[in-house]
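# Remarks on the overall topology
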Amino acid sequence: MLGNEQLQFFEQVLFERLGRDTPIKSFEFVSGGCINNAVKLHTATGDFFIKWNIYALEGMFEAEAKGLQILQSTQEIGTPEIYGAGQREGKAYLLLEFIASSVVLEKGFWENFGANLARMHQHTAPYFGLDFDNYIGSLPQYNDKCEDGLHFFIEKRLKTQAGLAMYEGKIDKRTYQRFEALYEKLPDILPKEKAALLHGDLWSGNYMADAQGKAILIDPAVYYGNREAELAFTHLFGGFEEDFYRAYQEEYPFVEGFEERKDLYNLYPLLVHVNLFGAGYLSAVERILNKYLD
Ligand code: ADP
């Protein structure tokens, strides 16, 4: 897209979602996303954020917008204001409030974030899954509802990704069979808890600190699931501080033995990484399988 065309596209998106002309005073591209293009728009009525992609997968931004809305509706934790998703001129887009992020974290940031996430996790459902499917990265995430959390984790999370990895030759038959052996063991290891509302992709790239120092969740892959899966994922690539976990525990204590189960949950995001980014993540998968199978 050339400059003028680009500006036109952004203004059309603003008109389509806000229902009024909103001239753009200036814009700048935002980097850091894994998949999409992103821009900050400066207007007389505030700053906006558009994510867009010409190759966007079907319903990807609609699912992201709906997921953010579910998180926002709990009123427990920050999200950007959501103005909606749509398609224009062969491009799919999502329009959000622009979050001016603070570089220096306020005192209390991690405590508040941990306590707020713990409160969000106390929003439960009578089923694991969600009313609609969404994406984890650029891979489909199937959320068919299921009353049994263990069954959901095995069928809709591990088996889906292990099956894809096997089909695409990213794991061999032996590894696939080791997953099958693990499924047999999981009923004795995983606790039974109510299905908790999860962000679903909570690593250090998917939260921001706003200008007031409050945690804002972005880029979710929402579903009702086991909250231990969310907590485990925060550990996988690091970056969450001790105060976060302490405050979380005070608000909603972990089930005893979480530390020993943590790695099991991370088989799901690790398989997603194997499928998206390749064999570099396979050794971590094998290490975890060794830990629980031998
Ligand atoms: P992708 O879907 O491509 O992974 P993200 O949703 O992670 O994109 O967004 C890319 C980057 O844009 C983020 O790392 C973050 O820095 C920034 N960002 C995301 N949402 C907003 C927002 N509402 N306001 C300001 N910056 C944002």
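Criteria and cut-off values
- Residues numbered from 1 in each chain as written.
- Predicted model: local features only at pLDDT ≥ 70, side-chain atom pairs only at ≥ 80, totals over all residues.
- Heavy atoms only, no water.
- Helix = DSSP H or I, 4+ residues; strand = E, 2+ residues; numbered from the N terminus.
- Rg over C-alpha atoms; globule rule 2.2 N^0.38 Å.
- Buried < 20%, exposed > 50% of the residue type's maximum accessible area, 1.4 Å probe, protein only.
- Domains from an automatic or database assignment.
- Contact = heavy atoms within 4.5 Å.
- Buried area = accessible area lost by both parts, 1.4 Å probe.
- Salt bridge = Lys/Arg side-chain N within 4 Å of Asp/Glu carboxyl O.
- Near = heavy atom within 4 Å.
- Polar contact = N/O pair within 3.5 Å; in protein donor to acceptor, adjacent residues only side chain to side chain.
- Nonpolar A, V, L, I, M, F, W, Y, C, P; charged D, E, K, R; others polar.
- 1 Å grid on protein atoms, 1.4 Å probe; cavity = no way out; pocket = protein on both sides within 12 Å on 5 of 7 lines; lining within 4 Å.
- Points joined across faces, edges and corners; volume = space filled by probe spheres on them.
- Pairing = 2+ DSSP bridges.
- Axes fitted to C-alpha atoms, helices over the stretch in contact; angles between N-to-C directions.
- Expected span 1.5 Å × (residues − 1).

## Let's talk about the overall build of the protein
Tallying secondary structure elements over the protein gives 10 helices and 12 strands in all. Computed over its C-alpha atoms, the radius of gyration of the protein comes to 20 Å, within 12% of the 19 Å expected for a compact globule of 294 residues. If you line up the protein on its principal axes, its C-alpha atoms span 60 × 45 × 35 Å. Taking all 294 residues of the protein together, the buried fraction comes to 51%.

## Here we look at the domain arrangement of the protein
The assigned domain composition of the protein is domain 1 (4-97) and domain 2 (109-293). Measuring from the centre of the C-alpha atoms in domain 1 to the corresponding centre in domain 2 gives 27 Å. At the interface, 19 residues of domain 1 touch 25 residues of domain 2. The largest contributions to the domain 1 side of the interface with domain 2 come from Leu71, Glu76 and Ile77, which together make up 33% of the buried area. Here domain 1 and domain 2 share 2 salt bridges between them.

## Quick look at the site of the ligand
What surrounds the ligand is a group of 16 residues, the closest being Ile35, Asn36, Lys51, Glu97 and Ile99. Within the contact set of the ligand, an oxygen atom lies 2.9 Å away from a backbone nitrogen or oxygen of Asn36. Ile99 is positioned such that a nitrogen or oxygen atom in its backbone is 2.8 Å from a nitrogen atom of the ligand. Along the lines of polarity and charge, the residues of the shell around the ligand split into 9 nonpolar, 4 polar and 3 charged.

## So, the layout of surface pockets
Of the voids in this model, the second largest pocket is the one considered here, and its volume is about 250 Å³. If you go around the second largest pocket, you meet 18 residues; those closest to its centre are Phe128, Gly149, Leu150, Pro191 and Asn226. At the level of elements, helix H4 (149-167) and strand S12 (223-225) are the ones that each hand at least two residues to the lining of the second largest pocket. With 5 residues, H4 is the single largest residue contributor to the lining of the second largest pocket. Partitioned by chemical class, the residues of the lining of the second largest pocket number 10 nonpolar, 3 polar and 5 charged.

## Remarks on the sheet that holds strand S5 (residues 91-97)
Strand order in the open sheet formed by 5 strands is S1-S2-S3-S5-S4, and the pairing between neighbours is antiparallel. Bordering the open sheet on either side are strand S1 (24-29) and strand S4 (82-88), each of which pairs with just one other strand. Across the sheet, the mean angle separating the axes of adjacent strands is 25 degrees when strand polarity is ignored. Here helix H1 (residues 3-18) sits on the sheet and contacts S1, strand S2 (37-43), strand S3 (46-53), S4 and S5; the angle it forms with S4, its principal contact strand, is near 125 degrees.

## A short note on helix H10 (residues 282-293)
Side chains of residues three or four places apart in an α-helix project in the same direction, reflecting 3.6 residues per turn. Look at H10: 16 Å from first C-alpha to last across 12 residues, which is about the 16 Å you get at 1.5 Å a residue. All of the buried residues along H10 are Leu282, Ala284, Val285, Glu286, Ile288, Leu289, Tyr292 and Leu293. On its buried side, H10 packs onto helix H5 (173-189), helix H8 (258-265) and helix H9 (267-277).

## Regarding the side chain of Asn226
Note that Asn226 resides in the loop between S12 and helix H6 (227-236). One polar contact links Asn226 to Tyr265, side chain to side chain, over a distance of 3.3 Å. With near-sequence residues (within four places) excluded, Asn226 lies in contact with Phe128, Pro191, Glu193, Leu198 and Tyr265.

## Concerning the pattern of salt bridges
Under the defined criterion, the tally for this structure stands at 19 salt bridges. Residues Arg246 and Glu111 are paired through a salt bridge, measuring 3.9 Å at the closest nitrogen-oxygen approach. With Arg246 in helix H7 (residues 242-251) and Glu111 in helix H3 (residues 109-121), this residue pair connects regions lying 135 residues apart in the sequence. Note that Arg261 is salt-bridged to Glu228, the shortest N-O span being 2.6 Å. Taken together, the positions of Arg261 in helix H8 and Glu228 in helix H6 put the pair 33 residues apart, joining distant regions of the chain. A residue is classified by how much of its surface remains accessible, and Glu228, at 2% relative accessible area, is buried. Each of Glu111, Asp243, Arg246 and Glu250 takes part in a single network of salt bridges with overlapping partners.

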